[in-house]
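Structural features, examined
One-letter residues, chain by chain:
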Amino acid sequence: MNKQPNPVQSATKKGFTVVELMIVGAFAALLVVLFFIQKSNVEAMDRDDDRKTAINAMYYALEEYYYPKNGYYPEAISEENLPVIDPALFTDPHGINLGVDGSSYSYEAANCNSDGECKEFTLRANLEKEDTYIKKGKK
């Protein structure tokens, strides 16, 4: 007697189809792309936080150390006239020093006399994910 194959048995093959594998691969690729985009955003926000920290340090050094000691603000700032802060803070996250073209930091003195003694200043940091961060002297 010839035994006929059971149709249920022959239809239950194990494994994935090519279409299923392609869908899973496309989904995995999408997740990888989203991960790297988000990672880039987080790194940019971290650099922005570093910039804000540096500007705040310079601001408080000018307001709490330099101005009370001298009675005016300097025409330019550097690690020489603000020794109370970490010199590394004068360098932006891309390695460019304050006052050099291309730096994301700037210091602008205003109402200065001929001796370089100024009554006002503005500190700026160009941020990647937010508007420019600005601190102005309050004296």
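Structure's up top.
Note that the structure is a prediction, hence the values are computed from the model and not measured. (Residues numbered from 1 in each chain as written. Predicted model: local features only at pLDDT ≥ 70, side-chain atom pairs only at ≥ 80, totals over all residues. Heavy atoms only, no water.)

What follows deals with the packing of aromatic side chains. Aromatic rings considered in pairs are described by the distance between their centres and by the relative angle of their planes. In total, this model carries seven aromatic pairs according to the counting rule given. Here the aromatic rings of F35 and F36 are separated by 5.1 Å at their centres, their planes lie at 75°, and the arrangement is edge-to-face. Owing to a relative accessible area of 49%, F36 belongs among the partly exposed residues under this scheme. Ring geometry for Y73 versus F121: centroids 4.7 Å apart, planes at 70°, classification edge-to-face. Here Y73, found in strand β1 (residues 73–74), pairs with F121, found in strand β3 (residues 117–125); they are 48 residues apart in sequence, far enough to count as distant. Across the pair, F121 and Y73 agree in class, each one buried. What links up through ring pairs into an aromatic cluster is the set Y59, Y60, Y67, Y73, Y107 and F121. The cationic tip of K135 hangs over the ring face of Y59; the distance from NZ or CZ to the ring centre is 4.6 Å. (Phe/Tyr/Trp six-rings, centres within 6.5 Å; stacked < 30°, edge-to-face > 60°. Buried < 20%, exposed > 50% of the residue type's maximum accessible area, 1.4 Å probe, protein only. Helix = DSSP H or I, 4+ residues; strand = E, 2+ residues; numbered from the N terminus. Lys NZ or Arg CZ within 6 Å of the ring centre and 35° of its normal.)

Bear in mind that shape data such as this cannot, by itself, settle questions of function.
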